[in-house]
Every structure is written in structure tokens, then in C-alpha cells.
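Spelled out from the first residue to the last, the chains are:
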Amino acid sequence: MPGGRSGSRLVRFCLVGVANTAVHYAIYIALWFVVPYLVAHLVAASVAMAVSYLLNCYYTFRVPPTLLKFLLYPLSNLTNLALSAAAVYTLVEYAGVDSRIATFAGGVVAVPATFLVSRFVLTRTSLVVGGRADGGGQVGKEPSSAARRSRSSGNGC
């Protein structure tokens, strides 16, 4: 994959992140008036994650959504949470950075890894679960030339 293509995907991924943050905050504030704040946060985060999944499928990576990918997508959020938390802790405890700034910096630090995990989950062409390959939901799509060569070489099972 050429670097330019990956770079433009990263820019689109960041734009989706901005939209995702806006969706989360809008839902959170709307619900905050009628339900406890933690419930508002959990609902807003769940809706925002689903919106993020769809935007990343259609806009960032331009792949069709599938149930399997939707179920695996939260892995990218776990990656983001783990790396951003580690960065925030390190910045606050060892570098003396104000926690309000460290939270933002921790999120920025986590973006590249979150992008890579999201790209893996959403663009992987043969996620295998239970012995059945998920072809990305593209029924009837012609196999790539590399896949045709692999099959014709007699070394594939």
C-alpha cells in the first residue's frame, strides 16, 4: 500500500474521530438531563462507537460493513483506552504534565495504534472464525490476481 493512500486514510480516520467525539458529546449532553451521567456516558459511547464503525467502513477504509467486523471493532477502542491511559499516567506521574493536558496528549499518542488496529479489523480480507473465512461481505467478487496464482500453483489448501 503506497504511503500516500495510508496517509489519506489516517487523515480521514482523524476526521471520523472528530465526528465521533461530536456525536458522543451531543448524545451525552442530551441524555445528561434525563438519566444519570454514567448511563448517559455509556449510551453515548455505544452509539458513538457504532457511528464510528460505519463511518470508518464507508469513509475511511471504504469497505462493506459485516457483523464479524462490527463485533471485532471494539478492539480498536480497547487499544485506544489502554495506550491513552498509559500515556496519561506516564505524563502525569513521571513528566509532571497537568492531567488536563495529559488527557489530550494521551489521546493523540494513541491515534496511530488505534488506526492500525481499526485498519486491520476493517480491511483484513480473510478473518477466520470457526474455520469459515469472512470475505468482507463481498459476495461474488473476483479473487485478486495473487489469490488466483496461489490457487493455481497447487500449494494452497
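Not measured: the values here are computed from a predicted model.

Caption draft 1: Region of the structure containing unusual backbone geometry. With a phi angle near 55°, Arg62 is a residue other than glycine that sits in the positive phi range. Relative to the assigned elements, Arg62 resides in the loop between α2 (37-60) and α3 (67-72). Judged by relative accessible area, Arg62 falls into the exposed class, the value being 56%.

Caption draft 2: Quick peek at α2. When α2 is considered as a whole, its buried residues turn out to be Ala40, Ala44, Ala48, Ser52, Tyr53, Asn56, Cys57 and Thr60. Phi turns positive one or two residues past the end of α2, at Arg62, with a value near 55°.

Caption draft 3: Geometry of the packing of aromatic side chains. Scanning the entire structure with this criterion turns up 6 aromatic pairs. Summarising the aromatic geometry, the rings of Tyr53 and Phe70 are spaced 5.2 Å apart at their centres and angled 70° between planes, so their arrangement reads as edge-to-face. Linking Tyr53 in helix α2 with Phe70 in helix α3, this pair joins segments that are 17 residues apart in sequence. Chaining the aromatic ring pairs together yields one cluster made of Phe13, Phe61 and Phe115. Here Arg12 stacks its cationic end above the ring of Tyr59, 6.0 Å away from the centre of that ring.

Caption draft 4: Representation of a nonpolar patch on the surface in the model. Taken together, the side chains of Trp32, Phe33, Val34, Tyr37, Leu38 and Leu42 present a nonpolar region at the surface, about 740 Å² in accessible area. Here the element with the most residues in the nonpolar patch is α2; it accounts for 3 residues. Secondary-structure assignment places Tyr37 in helix α2.

Calculation notes
Residues numbered from 1 in each chain as written. Predicted model: local features only at pLDDT ≥ 70, side-chain atom pairs only at ≥ 80, totals over all residues. Heavy atoms only, no water. Helix = DSSP H or I, 4+ residues; strand = E, 2+ residues; numbered from the N terminus. Buried < 20%, exposed > 50% of the residue type's maximum accessible area, 1.4 Å probe, protein only. Phe/Tyr/Trp six-rings, centres within 6.5 Å; stacked < 30°, edge-to-face > 60°. Lys NZ or Arg CZ within 6 Å of the ring centre and 35° of its normal. Patch = residues over 30% accessible without salt bridge, like charges linked within 9 Å, V, L, I, M, F, W, Y side chains within 5 Å. Areas by Shrake-Rupley, 256 points an atom, 1.4 Å probe, with all protein chains shown as cover. Salt bridge = Lys/Arg side-chain N within 4 Å of Asp/Glu carboxyl O.

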